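Here is how the chains run, residue by residue.
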Amino acid sequence: MDTKQKNRIMFGIYILFMAIALITEIVSFSVFENRDHSKKDIADFTSGWVDEDGSEAVLSGISGKYTITNTLPDTETDRMVYIHVKSADISVYIGGRCVYSSVEYDEKFFGKTAGSYFVRVPVHVSDSGSEIRLCIDNPYEDGGGKLTKIYFGTGSDIIMSEVGKMLPGFIVCMFITFLGVLFLVMFIPMWRNKTVGIELLYFALFTINIGMFMLTDSKFLHSIYPDPHFYHMVTEIHMLLIVIPLFLFLNKMYSTCSELMVYCMGLMGIFDFVICYVLNITCTMDYHQSLWITHTTYGVAILFAVIVVVKGMIIDIRAHMYHNIGLLIMCVAAVADIVIIKFSNAFETSFFTRLGVLVYICLEGIQIFMGFFVRYREGMKAKLLSSLAYHDGLTELLNRTSFMEDIEKLDRQRDSGTLIAMFDVNDLKKANDNYGHAVGDKMIVTVADKLKKYLGRYGKCYRIGGDEFVLVTGLTDIAKVEEIRQSILVKNGNTVEFEGKEYPVSMYCGIVQIPEHLRYSEFYSEVYGAIMQDRKRAYEENQ
């Protein structure tokens, strides 16, 4: 096992330890309410409430104005009444005085109520045994007003207990949002390098929007910065932005998502956003009142998503297994939460969607990156084949095919006059015959390395034959090219070592210009003629 493999194993174990530590911290904090239970001061305060007629109060299905009363327990220390309110405004009176009243915001942006929020009412020792009255107002008069939680006890105990319950869901939402941002950041350089297509951007936008929707809907942020109207507005806005990028992504990635589905969901998504937004800012209907439009859009989207899954399984159950399982789980989870919203008094309204989305994004991410690596391997294979087609296998210089195409390109650009230097290895055949092809190959590689090292900055180097190399300079100054030529020929006589023996290496070089009207066969003959002239000149100088 090499060092790189050992480091990977060590890093994998470290990541596992990090995950274990994080899970331990989340679990230990989320079960805060189960530790030192006897020391905690939290009591359920949902019983004992009566309405104005003296009948037992109903805490769900509230429509219009509704007033309920109760008697505060005796207390020796300051306490708190903690109430979770949904789809209603509320005013709280203790002993006849108003101690809390819902803040009214501009309906154009924030709607008629704050949606789902918490009310913290301080109770002093002097309030022991006093009457507490809740004046509830559901302006929608749709029976959707609810009080899902009422606690009485020490404020810090109640808040920490609720934070512990909400923290795991908040972390899941943060993780989903983080993944969306990560996908978006990854998309930019990968798109520029043409490694991935636009589908990663669609998936990133879907993940970010559904993450923001669930992040603000998780209620955890209310305990940090209590501004429920803002969170409600952000939740509803991002809920309108989920469907379109999801179906653009599905259509781009999977043939089972037809163009008709995309156009249909695109039109419904645009209609949903425009109608809901316009109704809200004109104060005709806020997002709560127009939620049925969004739920209708989601219903059609879920139906289409199930069709996509079923078609995919019929065609090839293994082809996109992770995608199909994840999408199906997310659809079932979304349906479960819609049912809970409509027919239940539950505090949590996106629990199943949160888990379903997390599973889907993780499985879909696996599917995406499996496809990415397949494309990457195919791209590398194509790149290798292209490299083999245009590069010499022994020296890794550009080959004869590449030289011919580049020369023709220069001819089309009317780039006549460009100077070309052609080098020929001296006595290569003799070296092959007398010492073996291994020595000849060593000489060729040595020449190629020398050309790349000293001439690479002047232009492209090619190996166009067994012992023939070419430098296309891009220069028209014959004196400069002659200087380049001499810088190489001055090294003639240098030796190459092979298996303990040294062999001399020398070259000849001829210089020609690309003619105005190029014919490759004639041009090659001219280049080779220049080589022979240099060979003859060298022979005469040595006599």
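Remember, predicted model here, so these are calculated numbers, not experimental data.

Caption draft 1: Layout of the overall build of the protein chain. Check the secondary structure of the protein chain and you find 15 helices and 15 strands. Each of the 543 residues in the protein chain was classed as buried or not, and the buried ones make up 45%. Long-range pairs, those at least 24 residues apart, make up 74% of the contacts in the protein chain with a sequence separation of at least 6. On the protein chain, roughly 28600 Å² of surface is accessible, and the fraction owed to carbon and sulfur atoms is 60%.

Caption draft 2: Seen up close, the pairing of strand β11 (residues 460-463). In this structure, β11 lies alongside strand β12 (residues 468-472), joined through four bridges in antiparallel fashion. Of the residues in β12, the one forming a bridge with K460 is V472. Linkage of β11 to β12, two consecutive antiparallel strands, is achieved through a turn of four residues.

Caption draft 3: Local environment of unusual backbone geometry. The phi dihedral of E141 is positive, around 50°, even though this residue is not glycine. If you trace the backbone, E141 turns up in the loop between β8 (131-138) and β9 (146-153). The exposure class assigned to E141 is exposed, which follows from its relative accessible area of 60%. One non-glycine residue, C283, lies in positive phi territory at about 60°. Mapped onto the elements of the fold, C283 is located in the loop between α7 (259-281) and α8 (291-315).

Caption draft 4: The arrangement of the sheet that holds strand β15 (residues 507-513) in detail. Taken together, the four strands give an open sheet; going across it, the order is β11-β12-β10-β15, and neighbouring strands pair in antiparallel fashion. Because the sheet does not close on itself, it has two edges, and the strands there are β11 and β15. The average angle at which neighbouring strand axes cross in this sheet is 20°, direction not considered. Note that strand β10 (residues 419-425) and β15 share seven bridges and pair antiparallel. Residue pairing in the sheet places D424 in a bridge with Y508 of β15. Packing of helix α13 (residues 437-455) onto the sheet brings it into contact with β10, β11, β12 and β15, and relative to β12 it is tilted by some 10°.

Caption draft 5: Just the packing of α13 against helix α14 (residues 478-489), in detail. At a minimum axis distance of 11 Å, the contact between α13 and α14 shows a crossing angle of 135°. With respect to α14, the axis of α13 lies oblique. Regarding α13 and α14, the two cross each other, and that crossing is right-handed. Together, K450, L451, Y454 and L455 of α13 and I484, S487 and I488 of α14 make up the contact between the two elements. Grouping the amino acids of the contact of α13 with α14 by side-chain chemistry returns five nonpolar, one polar and one charged.

Caption draft 6: Expanded view of the environment of H229. The residue H229 is located in helix α5 (residues 228-239) in this model. Separated by 118 residues in sequence, H229 and G111 have C-alpha atoms that sit 7.9 Å apart.

Caption draft 7: Focus on helix α12 (residues 428-435). For α12, the complete set of buried residues consists of L428, A431 and N432. The buried residues of α12 occupy one face: seen down the axis, they fall within an arc of 100°. Turned more than 90 degrees off the buried face of α12, the exposed positions are K429, D433 and N434. Once α12 finishes, G436 follows within two positions and takes phi at roughly 105°, a positive value.

Caption draft 8: Expanded view of the nonpolar core. Counting 60 residues, the largest nonpolar core has F206, F247, L250, Y360 and I361 as its most contacted members. The element that contributes the greatest number of residues to this core is helix α3 (residues 155-192), accounting for 12 residues. Those residues in contact with Y360, other than ones at most four positions away along the chain, are F203, F206, L246, F249, L250, H323, G326, L327, M330 and G365. F45, L59, I90 and I94 belong to the second largest nonpolar core, which has 26 residues in total.

Caption draft 9: Structural context of the side chain of D217. Looking at the element boundaries, D217 is found in helix α4 (residues 199-217). For D217, a relative accessible area of 13% translates into the label buried. Other than its neighbours up to four places away in sequence, D217 contacts T235, T349 and S350.

Caption draft 10: Here's a closer look at the confidence of the model for the protein chain. Of the residues in the protein chain, 89% have a pLDDT of 70 or more, and the chain-wide mean is 82. Here residues 32-37 is a poorly scored stretch, pLDDT under 50, and it has nine contacts once near neighbours within four places are set aside; other chains count.

Caption draft 11: Representation of the pairing of β12 in the model. Most of β12 sits inside the fold, with five of its five residues counted as buried. Alternating positions in β12 separate into two faces, E468, V470 and V472 on one and F469 and L471 on the other, with burial throughout. Pairing of β10 with β12, which is carried by five bridges, proceeds in the antiparallel orientation. Pairing of F423 across the sheet is with F469, part of β12.

Rules of the game
Residues numbered from 1 in each chain as written. Predicted model: local features only at pLDDT ≥ 70, side-chain atom pairs only at ≥ 80, totals over all residues. Heavy atoms only, no water. Helix = DSSP H or I, 4+ residues; strand = E, 2+ residues; numbered from the N terminus. Buried < 20%, exposed > 50% of the residue type's maximum accessible area, 1.4 Å probe, protein only. Contact = heavy atoms within 4.5 Å. Areas by Shrake-Rupley, 256 points an atom, 1.4 Å probe, with all protein chains shown as cover. Pairing = 2+ DSSP bridges. Axes fitted to C-alpha atoms, helices over the stretch in contact; angles between N-to-C directions. Parallel < 35°, antiparallel > 145°, perpendicular 65-115°, else oblique. Left-handed = near helix turned anticlockwise from the far one by under 90°. Nonpolar A, V, L, I, M, F, W, Y, C, P; charged D, E, K, R; others polar. Arc of directions from axis to C-beta. Core = buried A, V, L, I, M, F, W, Y, C linked by side-chain atoms within 4.5 Å. pLDDT = per-residue confidence, 0-100.

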